[in-house]
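Tertiary structure, described
Here is how the chains run, residue by residue.
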Amino acid sequence: MKPAKTRQILTAPRSWRDMPWGDYFRDALTQQLQPYLGKLYGFHMLKLGSLSAEINTSQCAISHQVNVGIEGDDLQVIANTTQLPFEAKSIDACLMAHTLAWSQDPHRVLREVDRVLIDDGWMIISGFNPFSLLGISKGIPGLHARAPWSGRMFSQVRLLDWLSLLNYEVVYRTRFQVVPWHRQGGKVISAHLPALGCLNIVVARKRTFPLTPTKAKKSLNKAQVRQTVNATRQFREVKDQDST
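Residues numbered from 1 in each chain as written. Predicted model: local features only at pLDDT ≥ 70, side-chain atom pairs only at ≥ 80, totals over all residues. Heavy atoms only, no water.

- By the naming in an unreviewed UniProt entry, the chain goes by Methyltransferase type 11 domain-containing protein and is assigned to Pantoea rwandensis.

**Some words on the pattern of salt bridges**
- Summed over all chains, the structure comprises 10 salt bridges.
- Between Lys 89 and Asp 119 there is a salt bridge, with its nearest N and O atoms 3.4 Å apart. Of this pair, Lys 89 sits in the loop between β3 (77-78) and β4 (91-97) while Asp 119 sits in strand β5 (residues 117-128), and the two are 30 residues apart along the sequence.
- Judged by its relative accessible area of 34%, Asp 119 is partly exposed.
- We note a salt bridge from Arg 115 to Glu 112, for which the minimum N-O separation is 2.8 Å. Linking Arg 115 with Glu 112, this pair stays in helix α3 (residues 106-116), spanning three residues, or about one helical turn.
- For Arg 115, a relative accessible area of 31% puts it in the partly exposed group.
- A single salt-bridge network, built from bridges that share partners, covers Arg 17, Asp 23, Arg 26 and Asp 27. (Salt bridge = Lys/Arg side-chain N within 4 Å of Asp/Glu carboxyl O. Helix = DSSP H or I, 4+ residues; strand = E, 2+ residues; numbered from the N terminus. Buried < 20%, exposed > 50% of the residue type's maximum accessible area, 1.4 Å probe, protein only.)

**Describing the confidence of the model for the chain**
- The predicted model of the chain averages 82 in pLDDT, with 78% of residues at 70 or higher.
- Per-residue pLDDT stays below 50 along residues 181-186; that stretch engages in five contacts with residues further than four places along the chain or on separate chains.
- The low-confidence segment residues 220-236 (pLDDT under 50) makes zero contacts with residues lying over four places distant or belonging to another chain. (pLDDT = per-residue confidence, 0-100. Contact = heavy atoms within 4.5 Å.)

**What to know about unusual backbone geometry**
- For the bond running from Ala 147 to Pro 148, omega is 5 degrees, close enough to zero to count as cis.
- Note that Pro 148 resides in the loop between α4 (133-136) and α5 (156-165).
- Its identity as a non-glycine residue notwithstanding, Lys 89 has a phi of 55 degrees, on the positive side.
- For His 98, which is not a glycine, the phi torsion comes out positive at approximately 60 degrees.
- Along the chain, His 98 falls in the loop between β4 and α3.

**Details of the environment of Asp 74**
- Within the secondary structure, Asp 74 sits in the loop between β2 (64-69) and β3.
- The exposure class of Asp 74 is partly exposed, given its relative accessible area of 40%.
- Linking Asp 74 and Glu 54, residues 20 residues apart in sequence, is a C-alpha distance of 7.6 Å.
- Ignoring any residue separated from it by four or fewer positions in sequence, one finds Asp 74 in contact with Ala 53, Glu 54 and Asn 67.

Printed below as a string of C-alpha cells:
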C-alpha cells in the first residue's frame, strides 16, 4: 500500500467541467447526497475545494455555508486545506468532494478538519474508487496526467480506517457507478456490483467518547463496584455485632 503522504505536486481541477464527464459526476454526487444533507443541522458549514463549492447543498438546513480553497471561481475564503483560518470546534459540518484526491497529505487535511469540527460534527467525503473501471484505466499511458486520473484514488476501506483512528462513527457509505453514455447501465452496476462503482461516499460523525470500550476501562469499573460491595458488607457485619 502506498503511503498517504506524497511529495508529488498535485493540481486540482478548478471545476467539474475540467474533467471528462465532470458534469455527470457532479450531478450524480449531488443526487446521492441530498437525503443526508437534509439531516445536517447547525450554524456553519465548510465546503473544501473548488469541486465541493459546485455541489448544490441548498437542501441543507445549515444556512451559513462557506467555500474554502486555494483557487476557484466560487470560493469565499482563500486558504490551504491543511491550515484552515477557523477556531477549533467552530464548524458544524464539512463537505470534501474529492478534496483528498488532490491533497499531498490527506491525513493532515483530515486532522485539520477534525480540529475545526464541533463535537458530533459531520464530515462528508467523496472520491473515485481505485477498483472501478475508471480507477483501473488510470494505468493507461497518457491518462495519468489528466483529471480525474491525475488525482489520487483511495479505497473506501482505507477511508474508514482513517476515520476510525480519528474516532468517527460512519453513519452512511456507498459506492455507485456513473455511465455517461448509458445511464441505465450505471444503475445496474450500482445495484448488483456496488464494489465496482466509480464514486465513493462516506458520511461520518465526530464522537468524543471511545466507540469500543477498552479492557482497562472495563476492569477499572469492575474494581470500583467490587470495593463498594465489600464496604457495604463490612458495615452490615459490624452493625449486626453491635446489636447482639
